[in-house]
Amino acid sequence: MRNRIYASLLTLIVIVSCASCKKWLDVQPSTKIKSDVLFETEQGYKDALLGCYAIMKTEQLYGRELTFGFMDAAAAQYDLFNNATYRDLSTFNFTYKTTLLRPKVDNIWSSMYNVIANANNILDHIDQDKALFTGTNYQVIKGEALAIRAYVHLDLMRLFASTDLTKVAIPYMRSLTTEVNPRLTGNEVMKLLLQDLQDAATNLSIDPIKNGTKRSTSEFMNNRHQRLNYFAVKGLAARAYLWQGDKVNALANAMEVMSSGNQIFPWIQTSNIAASLEKDRDYTFSTENLFSLNVFDLKAIGNTWVFAALPANQLQKSSFAYNTMFQTTVAGVGANDIRYLYTTKALGTNFIVNKFYQPDNYNPAYATMIPLLRRSEMNYIAAECNIGVNNQAAIDLLNEVRTNRGIVTPLANTLTEVQIQAEILIEFRKEFQGEGQLFAYCKRTKAARFPNNSTNLTDTQLILPLPDVEIEFGR
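Residues numbered from 1 in each chain as written. Predicted model: local features only at pLDDT ≥ 70, side-chain atom pairs only at ≥ 80, totals over all residues. Heavy atoms only, no water.

### A short note on the side chain of Asn294
For Asn294, the location among the structural elements is in strand β4 (residues 289–294). In this structure, Asn294 is in contact with Lys57, Gln226, Ala367 and Thr368, ignoring residues within four places of it in sequence. (Helix = DSSP H or I, 4+ residues; strand = E, 2+ residues; numbered from the N terminus. Contact = heavy atoms within 4.5 Å.)

In C-alpha cells, the structure reads:
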C-alpha cells in the first residue's frame, strides 16, 4: 500500500499543562504563525515538550489503548466474548477490520504520528534558537524530543510492521514537512531510530538523574522518572536493539541501566506494596520505573474500564486463567508473588488488573502513573541476550526479578535454552499485565499463539492494518 504523509490534514494540538493553568495551542505549520510565537521563548519550548507527553497520555494512546486497553486485549489478556468494545479481538472473531475496531486502529496510527509531528516541530526550530536557553535546558529539551520521536516510531514498528526488517514498514518522520515521506524498510527505520536514540543519549548526558536525582525544586526538571530521561533512553535502546536482533548492543544498553539500578531505580520494598492501607500501596512499583506517564485522569479511566465498569466494558479474565498465569499451585511461587497478591484483584469469579487502582487520598508519590519502561524489562532483555552464551547468567537475572517479587523457589540451574526462553515469557505475562508489552514480545519471538489462547498467530493477528486513507500532516 502506498502511503503518503503530508503536513496539512491534521491540525496538531499541543496540550500545555502547568501548575496554575492549562492552555491549548494549535500548531498550524501551513502558516507557521503560532509555531513562531510558541518558540519565541524558552518557556515556549518547555510547553511544547510537555505537550508531546500530554498527547501520549490520552486514552487513544498510552492512557489506555496502548497499555491496558487495545494492546492487552489484542494479546488475549482478557476474556472478551461479552465485551462490547473489544469483542472482535476474541478467539472466535480475531480481526482489526470490523466497524468496532478499524476506527481504533486508524486513530492509534494518526495519534502516534501527531506526537511525532509535535516532537518534530520542536526539533525543526531548536538549533537555530539555542541562544534562548539557560543552563542545560537546550540539551534536555532536544534530547527528550529525539527520544519521544524514537519511542513512538518503535511502537509503530511493533504494531504496524513486519518483524522481517527487509520488508517495507512505516514512514520515519524527521521533520514537519509538506514533502512526501515514503514508507521505508524496517532496517532503514531502525537505523534512523537508533541514531535518534544515540543523539538523545548524547544530549542527555547532563541529565541530573545520572547522579541519582529524580526530583527537583524546578517544576520543569522535577520527576525525571516521568519523562524520557537518560536511563530511559538507554532502556529504550535495549528494547530497540533487541527488536533489530542485535543482542550485543541490547545487552550493553540493558546492563548500563542495571548497573545503576540499585541506586536510582531500586526494587520495590515489600512494605511499600503490602501496606495495610490501600492509599499507601505502590501498585505500579514506582521506584523501578525508568519512564512513566502521569495520567491525571487515571482514576476516571480506570473506573470506566476496570474497577467500576459496566459489565459490557469491564476488562477481566477468569480466576482459572489468572491462577494458571501466576502458577498458584506451584509451591513457593504464585502464593508468594506480590504481583498476584496486590496488582491483581478477585472480582466474583473473575480477576482484574489492580495496578492502576487509585484509592481516595492516594499517596501522591504513587498516584496516576502508567509505566512505559521498567527496570525489570532490562533483566528480561539481558536474560534473553545471555541464552546460549551464559545460561547461568540468564537464570540468575530471572531469579533476581522473581526474588524481588516474593517468589521463594528459584529457577533450577539446569534449565535448557528453550526452558529459559519459556520462563521469560511466563515472567513477561506476570510482570507487564496492563502495560501492553506482551503483544510485541510474542510478535518478536514468533510465538505460535498468545498464552492461554488457541488462535494460531499469523500476520493477520500481528500486523495492524495501515489506514486506507492517506494520512497527511502539516502542510
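### Digging into the environment of Met190
With respect to the element layout, Met190 can be found in helix α6 (residues 186–203). With 26 residues separating them along the chain, Met190 and Asp164 place their C-alpha atoms 12 Å apart. Apart from the residues within four sequence positions on either side, Met190 is in contact with Leu154, Met157, Leu165, Ala240, Trp243 and Gln244.

### Some points on the environment of Leu341
Examined against the element boundaries, Leu341 turns out to sit in helix α13 (residues 338–342). Note on Leu341: relative accessible area 41%, which makes it partly exposed. Leaving out residues up to four positions away in the same chain, Leu341 has contacts with Ala335 and Asn336. (Buried < 20%, exposed > 50% of the residue type's maximum accessible area, 1.4 Å probe, protein only.)

### Overview of α6
With 18 residues, α6 should reach 26 Å at 1.5 Å per residue; the first-to-last C-alpha distance of 26 Å fits that figure. When α6 is considered as a whole, its buried residues turn out to be Gly186, Val189, Met190, Leu193, Leu194, Asp196, Leu197, Ala200, Ala201 and Asn203. Close packing links the buried residues of α6 with α5 (137–160) and α7 (230–244). (Expected span 1.5 Å × (residues − 1).)

### Considerations on α7
The end-to-end C-alpha distance of α7, which contains 15 residues, comes to 21 Å, matching closely the 21 Å that a straight helix rising 1.5 Å per residue would cover. Buried residues dominate α7, accounting for 14 of its 15 residues. Two or three places before Phe231, at the start of α7, stands the capping residue Asn229, its side-chain oxygen 2.9 Å from that residue's backbone nitrogen. Positive backbone phi, at 90 degrees, marks Gly245, one or two positions downstream of α7. (Polar contact = N/O pair within 3.5 Å; in protein donor to acceptor, adjacent residues only side chain to side chain.)

### Overview of the pattern of salt bridges
This model, assessed by the stated rule, comprises 26 salt bridges. Salt-bridge contacts for Arg64 lead to Glu59; the nearest nitrogen and oxygen are separated by 2.7 Å. Glu59 gets classed as partly exposed once you look at its relative accessible area, which sits at 28%. A salt bridge links Asp337 to Arg339; its shortest N-O distance comes to 2.8 Å. For the residue pair Asp337 and Arg339, the accessibility class agrees, reading buried in each case. (Salt bridge = Lys/Arg side-chain N within 4 Å of Asp/Glu carboxyl O.)

### Looking at the sheet that holds strand β7 (residues 350–353)
Taken in spatial order, the three strands line up as β5-β7-β6 in an open sheet, and their pairing is antiparallel. Of all the strands in the sheet, just β5 (317–318) and β6 (344–347) have a single pairing partner and so form its edges. Here β6 pairs with β7 via four bridges, running antiparallel. Looking across to β7, one finds that Ala346 is bridged to Phe351. (Pairing = 2+ DSSP bridges.)

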